[in-house]
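Analysis of the macromolecular model
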Amino acid sequence: MTTQSTREPHTRLSRLTWPLYTYALFEEFILLYPLYALFFTEHGLSVAQISSLFVLWSLTSVLLAIPAGAWADIVPRHYLLAAAPLLSGTGFALWLLFPSYWVFALGFVLWGTAGALVSGAFEALVYTELSRRGAAQQYARVMGVTRALGVAAVGVATLLAVPVMAHAGYTAIGLASVAACLLCALAGLALPEHRARRSDAADRGSDPEEGGGPDLGYLQTMRLGLAEARGSRAVRNALILLVVITAFWGMLEEYVPLLAASAGVTTEDIPLVVLTVWVCVTLGGLLAGPAARLSPRTLGALLALAAAAIAVGALLGNPLGWVLLGCGFGVCQMMNVVADARLQDSITGSSRATVTSLAEVGAESVGVVSFPLYAGVFLVLGHGMAFVLFAAPYLLAAVLMARTRRTRPVPTAD
């Protein structure tokens, strides 16, 4: 009897976590990631054209994230999660079959749309299913592992891309990427989802959060989500915190190879610097569960130390510096998950995915502005000082984190 009772919670969670972790792995196991810019260049695109594709990608996600979030509060979320990698895979296939600027642009629109479909829906589904199992307090741990697996998948895909490219070329790279998208879609369909109708929840006297869509229209669902983000101080603060934590280190991570090169690291050794950062970021995700139990002041202090580690590591530009930089990014990854958990715990209304998608919009918008700002700072001060300046917002985030209150997980009606 004791054995059965101890195994039951694990079994109930594994029904969610196995397809969830599989989804996270295949979503990021795209061998095209490290090579698509080179692929574009080989087909005649200039740096300006490639940059315009990145802007189009970000703008698509920004414009569609909130509408997609509201949609995820009405229709089954695992259908949207399954559709997203199919859109990405279609884009990758089109790139290989009809390589040209406008087809590349179409692929980025499809990829950006896929990101918008996942935004909000992913976190909302996981939190709702954990809450239904009485395990909402496990959200940070589960999502930490999920994010860590995603980072690890990117690293493995990058390492595999080189020999696959050498032996079989872009065709094999593209086919492997499309296959990963198909497997990701299957994992999305396997995700469990149990959502009660809002009217049923109301009849039981429960919180109507996570009710089904037939009772509220699309526009009303979106308005409710925006109203909660605007009217709830806890939700608003959690959103701001999540945006600040997410936006800057994710942008800085893109410049790590250039930072290493400017510090005198040889081209052959730059992958070792990137690998150091990846390992630290992966560990940061795995530590998110224990970190979620720390006090707000302790979390704020860790975030301040992360800002210092990023700044000092970038200025040192040596092996110790790369470890410090990786540790700083690892803490930021850990805080990403913790801040996301704080946001999910603070949402009490019926539009969880809509509210969550606002964080994605904020982070993407900050990123769109930050990239040209970084370029300007780099021209004047160089990569090291640019990292120092863009790590400074984490001091503000540290203060916000230290001042937040713990929020108990909100039970959902299922």
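Residues numbered from 1 in each chain as written. Predicted model: local features only at pLDDT ≥ 70, side-chain atom pairs only at ≥ 80, totals over all residues. Heavy atoms only, no water.

Each helix and strand counted, the protein chain has 18 helices and 0 strands in total. Taking all 414 residues of the protein chain together, the buried fraction comes to 52%. If you take every contact in the protein chain between residues at least 6 apart in sequence, the share linking residues at least 24 apart comes to 82%. Put simply, the protein chain shows about 18,000 Å² of open surface, and 69% of that area lies on carbon and sulfur atoms. (Helix = DSSP H or I, 4+ residues; strand = E, 2+ residues; numbered from the N terminus. Buried < 20%, exposed > 50% of the residue type's maximum accessible area, 1.4 Å probe, protein only. Contact = heavy atoms within 4.5 Å. Areas by Shrake-Rupley, 256 points an atom, 1.4 Å probe, with all protein chains shown as cover.)

Below, the discussion takes up the confidence of the model for the protein chain. Taken residue by residue, the protein chain gives an average pLDDT of 86. The fraction at 70 or more is 89%. Ranking the helices and strands of the protein chain by mean pLDDT puts helix α4 (residues 77-97) first, with 96, and helix α8 (residues 198-204) last, with 44. With pLDDT under 50 throughout, residues 1-7 is counted as low confidence; its partners more than four residues away or in other chains account for 0 contacts. The model gives residues 199-214 a pLDDT under 50, and that stretch makes 41 contacts with residues more than four places away or in other chains. (pLDDT = per-residue confidence, 0-100.)

Considering all chains together, one arrives at 3 salt bridges under this definition. Between Arg147 and Glu123 there is a salt bridge, with its nearest N and O atoms 3.1 Å apart. Residue Arg147 is located in helix α7 (residues 139-190), and its partner Glu123 is located in helix α6 (residues 121-132); the two are separated by 24 residues in the primary sequence. (Salt bridge = Lys/Arg side-chain N within 4 Å of Asp/Glu carboxyl O.)

Further remarks concern the environment of Ile50. Considering the arrangement of structural elements, one finds Ile50 in helix α3 (residues 47-72). On a C-alpha basis, the gap between Ile50 and Ala37 in space is 7.3 Å, while along the polypeptide they are 13 residues apart. Each residue touching Ile50, except ones within four places of it in the same chain, is listed here: Ala37, Phe40, Thr41 and Leu45.

With that out of the way, let us pick up the packing of aromatic side chains. All chains considered together, the criterion is met by 31 aromatic pairs. For the pair Tyr36 and Phe108, a centre-to-centre distance of 6.0 Å together with 75° between the ring planes defines the contact as edge-to-face. Taken together, the positions of Tyr36 in helix α2 (residues 36-42) and Phe108 in helix α5 (residues 101-118) put the pair 72 residues apart, joining distant regions of the chain. The residues Tyr36 and Phe108 share a single accessibility class, namely buried. With centroids separated by 5.5 Å and ring planes inclined at 70°, the aromatic side chains of Tyr127 and Tyr139 adopt a geometry described as edge-to-face. Linking Tyr127 in helix α6 with Tyr139 in helix α7, this pair joins segments that are 12 residues apart in sequence. Here a set of aromatic residues connected by ring pairs shows up, and it is made of Tyr33, Tyr36, Phe39, Phe40, Phe54, Trp57, Phe92, Trp95, Phe104, Phe108, Trp111 and Tyr170. (Phe/Tyr/Trp six-rings, centres within 6.5 Å; stacked < 30°, edge-to-face > 60°.)

All right, on to the state of the cysteines then. Under the definition given, this model contains 0 disulfides. You can see Cys184 has no disulfide; the closest cysteine sulfur is in Cys181, sitting 6.9 Å from it. Left without a disulfide partner, Cys327 is nearest to the cysteine sulfur of Cys280, which lies 4.4 Å away. (Disulfide = S-S within 2.5 Å.)

If you want to describe how two helices pack, look at the angle between their axes and the distance between the axes. Look at α4 against α7: their axes get within 7 Å of each other, and the N-to-C directions meet at 170°. Overall, the two elements α4 and α7 adopt an arrangement that is roughly antiparallel. Together, His78, Tyr79, Ala82, Pro85, Leu86, Ser88, Gly89, Phe92, Ala93 and Leu96 of α4 and Tyr170, Gly174, Leu175, Ser177, Val178, Cys181, Leu182, Cys184, Ala185, Gly188 and Leu189 of α7 make up the contact between the two elements. (Axes fitted to C-alpha atoms, helices over the stretch in contact; angles between N-to-C directions. Parallel < 35°, antiparallel > 145°, perpendicular 65-115°, else oblique.)

Attention shifts here to the packing of helix α14 (residues 296-316) against helix α17 (residues 383-391). Contact pair α14 / α17: the axes reach a minimum separation of 8 Å and the direction vectors enclose 175°. Overall, the two elements α14 and α17 adopt an arrangement that is roughly antiparallel. Residues Ala307, Ile310, Ala311, Ala314 and Leu315 of α14 touch α17, and the partners they reach there are Gly384, Met385, Phe387, Val388 and Ala391. In terms of residue class, the contact of α14 with α17 is built from 9 nonpolar, 1 polar and no charged. (Nonpolar A, V, L, I, M, F, W, Y, C, P; charged D, E, K, R; others polar.)

As a rule of thumb, nonpolar side chains are buried together in soluble globular proteins. Among the nonpolar cores identified, the biggest contains 100 residues, and Ile245, Phe329, Phe387 and Tyr394 are the most heavily contacted of them. Setting aside chain neighbours within four positions, we find Phe329 in contact with Trp249, Leu252, Glu253, Val256, Val277, Val281, Ile310 and Phe387. Grouped together as the second largest cluster of nonpolar side chains are 24 residues, Val103, Trp111, Ala157 and Val178 included. (Core = buried A, V, L, I, M, F, W, Y, C linked by side-chain atoms within 4.5 Å.)

Within the secondary structure, Arg77 sits in helix α4. Of the residues examined, Arg77 reaches a relative accessible area of 1% and is grouped as buried. A distance of 2.8 Å separates the side chain of Arg77 from the side chain of Asp73, its partner in a polar contact. (Polar contact = N/O pair within 3.5 Å; in protein donor to acceptor, adjacent residues only side chain to side chain.)

Taking 1.5 Å per residue as the helical rise, helix α15 (residues 319-346) with its 28 residues ought to reach 40 Å, and the 41 Å between its terminal C-alpha atoms agrees with that figure. A large share of α15 lies buried, amounting to 23 of its 28 residues. Two or three places before Leu320, at the start of α15, stands the capping residue Asn318, its side-chain oxygen 3.2 Å from that residue's backbone nitrogen. (Expected span 1.5 Å × (residues − 1).)

Turning to a nonpolar patch on the surface, a few remarks are in order. A surface patch of nonpolar side chains, about 690 Å² in accessible area, is lined by Leu315, Phe378, Leu379, Val380, Leu381, Met385 and Leu389. Sorting the residues of the nonpolar patch by element identifies α16 (352-381) and α17 as the ones contributing at least two each. Among the elements that take part in the nonpolar patch, α16 stands out by supplying 4 residues, more than any other. Mapping Phe378 onto the fold places it in helix α16. Here Phe378 falls in the partly exposed class, since its relative accessible area comes to 33%. (Patch = residues over 30% accessible without salt bridge, like charges linked within 9 Å, V, L, I, M, F, W, Y side chains within 5 Å.)

All right, on to the environment of Val388 then. Mapping Val388 onto the fold places it in helix α17. With 74 residues separating them in the primary sequence, Val388 and Ala314 have C-alpha atoms 7.3 Å apart. Look past the residues within four positions of Val388 in its chain and what remains in contact with it is Ala311 and Leu315.

Among the secondary structure elements, Val274 is positioned in helix α12 (residues 270-286). Distance in space between the C-alpha atoms of Val274 and Gly326 is 8.7 Å, their sequence separation being 52 residues.

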